[in-house]
Amino acid sequence: MKLCMIGTGYVGLVSGVCFSDLGNTVYCVDKDKKKIELLNKCKVPIYEPGLEELIKKNFKQKRLIFTTDFKSAVEKADIIFICVGTPTNKNSNSANLNYVFQVANQLKKNIKKYKIVVTKSTVPVTTGDKIEKILVKQKNKKLVDVVSNPEFLREGEAIRDFVYPDRVVIGTNSKKANRILKNLYLPIIKKSSRYLHTSRRGAELIKYASNAFLATKISFINELANLCEQTNVDIKDISSGMGLDQRIGDRFLRAGPAYGGSCFPKDTRALIDTANKYKVDLSIIKSTVKSNNLRKIKLTKKIEKILNKKLKGKKITFLGVTFKPNTDDMREAASIPMIKYLNKKGCEVRYHDPSGEKKEFRNLKNVKYFKDISAACLKTDLIILHTEWNDFKLLNFKKLIKKKNFIVYDLRNIYSPTKMREMKIKYFAVGR
Ligand code: UGA
């Protein structure tokens, strides 16, 4: 099949590359010339394990085409995927749909024969209806079917999530569009995963509901971790004990810092905003958002407590600053408010992240990036394990720090408190 991905951000690029790897011809369109130039040299603008290899392979086979030529890509494609961003609007919680509607208006001028237009961007329920309204202003209504096909790719695991999805959700009332899309996904839905055909609005809402539920699961375990700390119980036991109940499951029950990223914070806010418009009170999701915001403050206060409120001049080393491992993404990472606060309080903050230096901290006077992990840790007072990159899982703290008194605050519960105690390392973790 011939496909066109509009937008080569995270969703568009990963999905486009994976579709081409299944044998489809994929036109990846972006108005950002520099990005397209880069991609045409097989260089990847985002950090995603395995993506570069797949780009090289499919680009060589001429199944993967990167272009700024919207018109010709749309003309050639049977299915067009809208994959542009829907960030939170300034001064509100709502999703900014400008990019989505810009694409729809551009498509209106360029669709001359039957096409399926699929929204992969995360959009509030009823957005598909609005896109359809824009597109069916053409003479022939049958020229286009507007379908919702949300993505469930996790950064850092996106290729695996694409190839082995838990489910593929297709929202449309067009039998023809459903048949064609099922065919497109056939090579991967054969692999034991599930294909769900539902209404367009249903598919749009499934995406938000899923992200909001996972965010709630994380906030739930994070709050219980607070109770565990007061009652001397290990939160890992609670996660395992709860997770063994198949109705609950142990995934996304790992306590840690506040959840971040480009999706959970944005999508929980947007879902609340949508519900407000319909005068529905999503009180549980509101609590999740509140709890997550409070968590950033709570853990920063805990750092203060660990250092006996003497922050000035203290050397603090963050290991990992991204919102999760295997990505260079800093969006809504809990490390940002933490580091800013500690910097304001006069600490000397150093950080090392396998994905490199971060622009977020570039203008902060006493915050320094270290390419080398040993240099970042040398003679530090406090190590904060913020992101669970594999690089941080087998550290010899004494060798790295080369100093008698230091503290380790493990926000991802990577190390064993017992072993740390045996080694006489002052160690704090989350909920244990
Ligand atoms: C999330 C969803 O997991 C994907 O299914 C979805 O497609 C994607 O958003 C999206 O909407 O595009 P992602 O943002 O890449 O994916 O990251 P997650 O792996 O879900 O992690 C989100 C945050 O939760 C991270 O800060 C992570 O550290 C935190 N987390 C996750 C925990 O604190 N505990 C856990 O047990 C799991």
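These numbers were taken from a predicted model, which means no experiment stands behind them. (Residues numbered from 1 in each chain as written. Predicted model: local features only at pLDDT ≥ 70, side-chain atom pairs only at ≥ 80, totals over all residues. Heavy atoms only, no water.)

### Considering the overall build of the chain
Thought 1: Helix and strand content of the chain: 16 helices and 14 strands.
Thought 2: For 432 residues, the compact-globule estimate of 2.2 N^0.38 gives 22 Å, and the chain sits close to it at 24 Å.
Thought 3: A separation of at least 24 residues holds for 71% of the contacts in the chain among residues at least 6 apart in sequence.
Thought 4: Accessible area for the chain stands at about 21,400 Å²; split by element, carbon and sulfur atoms hold 52% of it. (Helix = DSSP H or I, 4+ residues; strand = E, 2+ residues; numbered from the N terminus. Rg over C-alpha atoms; globule rule 2.2 N^0.38 Å. Contact = heavy atoms within 4.5 Å. Areas by Shrake-Rupley, 256 points an atom, 1.4 Å probe, with all protein chains shown as cover.)

### A look at the pattern of salt bridges
Thought 1: With the rule as written, the count across this model stands at 26 salt bridges.
Thought 2: Across the salt bridge formed by R200 and E132, the nearest N and O atoms sit 3.2 Å from each other. Note that R200 is positioned in helix α9 (residues 200–231) and E132 in helix α6 (residues 127–135), a separation of 68 residues in sequence.
Thought 3: Close ionic contact of E348 with R350 constitutes a salt bridge, the shortest N to O distance being 3.4 Å. (Salt bridge = Lys/Arg side-chain N within 4 Å of Asp/Glu carboxyl O.)

### A look at the site of the ligand
Thought 1: As a structural note, the neighbourhood of the ligand is formed by 19 residues, with E151, E155, K207, N211 and C263 the closest of them.
Thought 2: The contact in question runs from an oxygen atom of the ligand to an N or O atom on the side chain of E151, over 2.6 Å.
Thought 3: Separating an oxygen atom of the ligand from a backbone N or O atom of L153 is a distance of 3.0 Å.
Thought 4: Against a free-state accessible area of 720 Å², the protein chains account for coverage of 94% of the ligand.
Thought 5: Elements represented by at least two residues in the shell around the ligand include exactly α9 and α11 (264–277).
Thought 6: Here the element with the most residues in the shell around the ligand is α9; it accounts for three residues.
Thought 7: Broken down by class, the residue content of the shell around the ligand amounts to nine nonpolar, two polar and eight charged.
Thought 8: Taken together, domain 1 (2–198) and domain 2 (200–432) each give at least three residues to the shell around the ligand, which thus spans both. (Near = heavy atom within 4 Å. Polar contact = N/O pair within 3.5 Å; in protein donor to acceptor, adjacent residues only side chain to side chain. Nonpolar A, V, L, I, M, F, W, Y, C, P; charged D, E, K, R; others polar. Domains from an automatic or database assignment.)

### Structural notes on the pairing of strand β4 (residues 79–82)
Thought 1: The side-chain alternation of β4 yields two buried faces, one formed by I79 and F81 and the other by I80 and I82.
Thought 2: Note that β4 and strand β5 (residues 115–119) share four bridges and pair parallel. Of the residues in β5, the one forming a bridge with I80 is V117.
Thought 3: In this region the chain leaves β4, passes through helix α5 (residues 98–110) and returns to the parallel neighbour β5; the handedness of that crossover is right-handed. (Buried < 20%, exposed > 50% of the residue type's maximum accessible area, 1.4 Å probe, protein only. Pairing = 2+ DSSP bridges. Right-handed = clockwise from strand over helix to strand, strands pointing away.)

In short, the description is geometric, and any link to function would need to be established separately.
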